[in-house]
Amino acid sequence: FRSKQWYQRRVAITAGGQRTSQAVDIFKGYFSAYAQSKAESQVTVVVQISDEGSVLNLQTSEQYQLFVQGHGAGSTLVQVSSLTFQGARHGLETLSQLIQCEDGQCYMLNDVLITDGPKYPWRGVILDTSRNFITLPTIKKVIDGLSASKLNTFHWHITDTHSFPFHSKRRPKMTAWGAYSPDKIYTEKDVIEIESYADVRGVRVVPELDAPAHSGNGYQWGPEEGLGNLAVCVNRDPWEKYCVEPPCGQMNLANPNLYDVVEDIYRDMLDCFTGTAFHIGGDEVNFNCWNTTKEVTDYMDKKGLTRDEHGFMELWNEYQETALARFKKANGGKLKDMVLWTSHMTEPEFLHYLDPKVYTVQYWEHSTNKQLPAIINNGFRVIMSNYDDLYLDCGMGAWVGEGNNWCSPYKGWQKIYMNNPRKMLAKAGITDPSKVKQVVGAETALWTEQAGDQSSLAKIFPRTYALGERYWSDPDTDWFAAERRLVYFTSVMENQRGVYGETMKPEWCVQSEGICILNKL
């Protein structure tokens, strides 16, 4: 490669429509402090896209080609080409990473040809904004980090038992009862702003309305409106008997009015979340909550359902089928890519309740759990979030009781980098390439019992950058080969883009590349 000074050049960029122009402006903004309009030499960047309006889904091509060629006399031509907007944006991202800035100057590589694309179509992070409210500027910084590492999914766990900060136009009492305060609410305008911000950065936003468990605060207004109890076990104590963590709350499946409310929330979410995927939750249902609620047990008796595991599964499945039908109705008679968590319903003996043509399963169990091969063998697509590798909240002191939290120890970036679904499935006896391809990607997960607006970025990054390389490239090498890249990339994200994650090493190590590593003696 020939090194050329970038900062002394004029930059002319030819692009398509407004969406691409916005992506180009973001790219130019990274280096605006170094551009000089009176420079004699010039870099010409041409962006070519077949489908600028491409929508990100599991079939979208994110492949791109980047060609950089010097033409003498200080002239350089850069061509970025792709079938889709998302691929072209990734190409611009790679171009930005061929430019190194230090001491007020930037340098660029010349004579480069890169053809690249991801191995997995779903790559991202889940951020819980219910347990603790996360502000829009912080969410945007998360999206900045995802975009820079070519991660394409911001999974927004926007509601839970603790609070209901999503403002429902049709059911405004959800936030009146469920938000922590009037200034800790996400309005339709806020959601549209985040979606737009993410879209031009190549990131889709996937909302989650967790149900039928994880539904408590926000649902208490039913009786005063003549709709009865919409949720049961809300804030009930001792919580250990009715849920996995305080506060408790589950939907009241004996109340038919519940489904009208759920449909209205779906409609409000669909009005502002316009992507192709929707997460319906589904984890950690507590049968004892329903079994100790007379309204629910009377309903079960009336329907002839036994008050045992199979009876409660039938009750749950009634909700699952009805809620899915209400979603389809709210979405104009169509489903989206529907995602749900592993749960009791994804145990091998109950998988028949779910249709693999409808649902993608987000797998949060341990990587060796029997559910994983069963889910794959039954034809489901899978998103990996196995807690033994990808949970970012682990390794803290317990927030209820003493000792360490339940999923300790801490998951370092090295462990996340080594999260390899091919190897996990091979250990479970699955090597058929067609079945291995059912794993469509992965998300790291930040549950915010012990994280807030000030600490979330440090918990997400740089560890989630490691996921970016693993699920983009699926390398055969281990974390050791990636360490230098990750240290440098994290430094660039902090110093150039203002995304401050957890510090990886002393700054001396950043400046002395390749020295602060473990030598294999």
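Up top you'll find the structure we're talking about.
Bear in mind that the values here come from a model prediction, so they are computed numbers and not experimental data. (Residues numbered from 1 in each chain as written. Predicted model: local features only at pLDDT ≥ 70, side-chain atom pairs only at ≥ 80, totals over all residues. Heavy atoms only, no water.)

J.: Before we go on, may I ask you to explain the pairing of strand β4 (residues 64-70) in this structure?
T.: The side chains of a regular strand alternate, residue by residue, between the two faces of the sheet. Residues of β4 alternate between two faces, with Tyr64, Leu66, Val68 and Gly70 buried on one and Gln65, Phe67 and Gln69 left unburied on the opposite face. Pairing geometry for β4 and strand β8 (residues 112-116), over five bridges, is antiparallel. Opposite Tyr64, over in β8, you have Asp116 as the bridge partner. (Buried < 20%, exposed > 50% of the residue type's maximum accessible area, 1.4 Å probe, protein only. Helix = DSSP H or I, 4+ residues; strand = E, 2+ residues; numbered from the N terminus. Pairing = 2+ DSSP bridges.)

J.: Can you walk me through helix α17 (residues 479-495) in this structure?
T.: One turn of an α-helix holds 3.6 residues; hence residues three or four places apart share an orientation. The first and last C-alpha atoms of α17 sit 24 Å apart over 17 residues, in line with the 24 Å expected at 1.5 Å per residue. The sharpest bend along α17 reaches about 30° and sits at Arg485. The set of residues buried in α17 consists of Ala482, Glu483, Leu486, Val487, Phe489, Thr490, Ser491, Met493 and Glu494. Buried-residue contacts for α17 involve α2 (85-97), α3 (136-148), α12 (413-417), α16 (463-473) and α18 (507-511). Here α17 starts with a cap whose side-chain oxygen sits 3.0 Å from the backbone nitrogen of Phe480, and that cap is Asp478. (Expected span 1.5 Å × (residues − 1). Bend = angle between axes of the 7 residues up to and from the residue. Contact = heavy atoms within 4.5 Å. Polar contact = N/O pair within 3.5 Å; in protein donor to acceptor, adjacent residues only side chain to side chain.)

J.: So what exactly am I meant to see when it comes to the packing of aromatic side chains here?
T.: Aromatic ring pairs: the centre-centre distance and the angle between the two ring planes describe each pair. Per the counting criterion, the structure on display carries 29 aromatic pairs. On the basis of an interplanar angle of 50° and a centroid distance of 6.3 Å, the ring pair of Trp364 and Tyr387 is categorised as tilted. Of the two residues, Trp364 is situated in the loop between β16 (359-363) and α10 (371-377) and Tyr387 in helix α11 (residues 387-390); the sequence distance between them amounts to 23 residues. Since its relative accessible area comes to 12%, Trp364 is described here as buried. Taken together, the ring pairs in this structure connect Phe133, Phe154, Trp156, Phe166, Tyr186 and Phe273 into an aromatic cluster. Across the ring face of Tyr197, the terminal group of Arg201 is positioned such that the distance to the ring centre comes to 3.5 Å. Here the guanidinium or amino end of Arg497 rests over the ring plane of Tyr30, the centre of that ring lying 3.6 Å away. (Phe/Tyr/Trp six-rings, centres within 6.5 Å; stacked < 30°, edge-to-face > 60°. Lys NZ or Arg CZ within 6 Å of the ring centre and 35° of its normal.)

J.: Hey, could you run me through the environment of Glu224 in this one?
T.: Mapped onto the secondary structure, Glu224 falls in the loop between β11 (204-211) and β12 (231-232). Each C-alpha atom of the pair Glu224 and Pro421 lies 49 Å from the other, and the pair is 197 residues apart in sequence. Setting aside residues no more than four positions away along its own chain, Glu224 makes contact with Lys173 and Trp177.

J.: In this structure, what is going on with the nonpolar core? I would like to understand it.
T.: Side chains that are nonpolar tend, in soluble globular proteins, to be buried together. By size, the foremost hydrophobic cluster in this structure holds 113 residues, and its most contacted members are Ile139, Phe154, Trp156, Tyr266, Trp290 and Met384. Those residues in contact with Phe154 that lie beyond four places of it in its chain are Val125, Leu127, Ile139, Val142, Ile143, Leu146, Val203, Arg204, Val205 and Val206. (Core = buried A, V, L, I, M, F, W, Y, C linked by side-chain atoms within 4.5 Å.)

J.: Hey, could you run me through the side chain of Arg463 in this one?
T.: In this fold, Arg463 is placed in helix α16. Polar side-chain contacts of Arg463 include one of 3.3 Å to the side chain of Tyr410. In terms of polar contacts, Arg463 uses its side chain to reach the backbone carbonyl oxygen of Lys411, at 2.9 Å. Sequence-distant contacts of Arg463, that is, excluding residues within four places in its chain, are made with Leu392, Tyr410, Lys411, Gly412, Trp413 and Ile416.

J.: How should the sheet that holds β11 be read in this particular structure?
T.: Two pairing modes exist for strands in a sheet, parallel and antiparallel, and in both the strands are linked by backbone hydrogen bonds. Sheet architecture is closed into a barrel: eight strands sit in the order β9-β10-β11-β14-β15-β16-β17-β18, paired in parallel fashion. Across the sheet, the mean angle separating the axes of adjacent strands is 30° when strand polarity is ignored. Pairing of β16 with strand β17 (residues 381-384) involves four bridges; the strand directions are parallel. Residue Val361 lies in a different strand from β17, and its bridge partner there is Val382. Running over the sheet, α3 touches β9 (122-128) and β10 (153-157) and is turned about 150° from β10. Across the face of the sheet, helix α6 (residues 257-272) comes into contact with β11 and β14 (277-281) while running at roughly 170° to β11. (Axes fitted to C-alpha atoms, helices over the stretch in contact; angles between N-to-C directions.)

J.: Is there a simple way to explain the packing of helix α8 (residues 294-303) against helix α9 (residues 309-330) in this structure?
T.: Relative placement of two packed helices is described by the angle separating their axes and the distance separating the axes. As a packed pair, α8 and α9 sit with axes 11 Å apart at the nearest point and diverge in direction by 95°. The angle between α8 and α9 falls in the class roughly perpendicular. Between α8 and α9, the contacting residues are Val296, Tyr299, Met300 and Lys303 on the first element and Gly311, Phe312, Leu315 and Glu318 on the second. Along the lines of polarity and charge, the residues of the contact of α8 with α9 split into five nonpolar, one polar and two charged. (Parallel < 35°, antiparallel > 145°, perpendicular 65-115°, else oblique. Nonpolar A, V, L, I, M, F, W, Y, C, P; charged D, E, K, R; others polar.)

J.: Would you mind showing me how to read unusual backbone geometry here?
T.: A negative phi angle is the norm for most residues apart from glycine, just as the trans form is the norm for most peptide bonds. Cis peptide bonds are those with omega within 30 degrees of zero, and the linkage from Ala211 to Pro212 qualifies with 0°. On the secondary structure map, Pro212 appears in the loop between β11 and β12. Backbone torsion omega between Pro246 and Pro247 reads -5°, so that peptide bond is classified as cis. Here Pro247 lies in the loop between β12 and β13 (250-251). Even without a glycine there, the phi angle at His214 is positive, about 50°.

J.: Help me understand the state of the cysteines in this model?
T.: One covalent bond between the sulfur atoms of two cysteine residues makes up a disulfide. Under the defined criterion, the tally for this structure stands at four disulfides. Residue Cys394 pairs covalently with Cys407 via a disulfide, S to S 2.1 Å. Between Cys394 and Cys407, the S-S torsion sits near -110°, and that sign places the bridge as left-handed. Placement of Cys394 in the loop between α11 and α12 and of Cys407 in the loop between α11 and α12 is noted, with a sequence separation of 13 residues between them. The burial state of Cys394 is the same as that of Cys407; both residues are buried. Put simply, Cys509 and Cys516 are joined by a disulfide, and their sulfur atoms are 2.1 Å apart. Between Cys509 and Cys516 the disulfide shows an S-S torsion of about -70°. By sign, it is left-handed. By relative accessible area, Cys509 is classed as buried at 11%. In this structure Cys516 comes out as partly exposed when scored by relative accessible area, which is 22%. (Disulfide = S-S within 2.5 Å.)

Everything listed is a geometric property; what it means functionally is a separate question.
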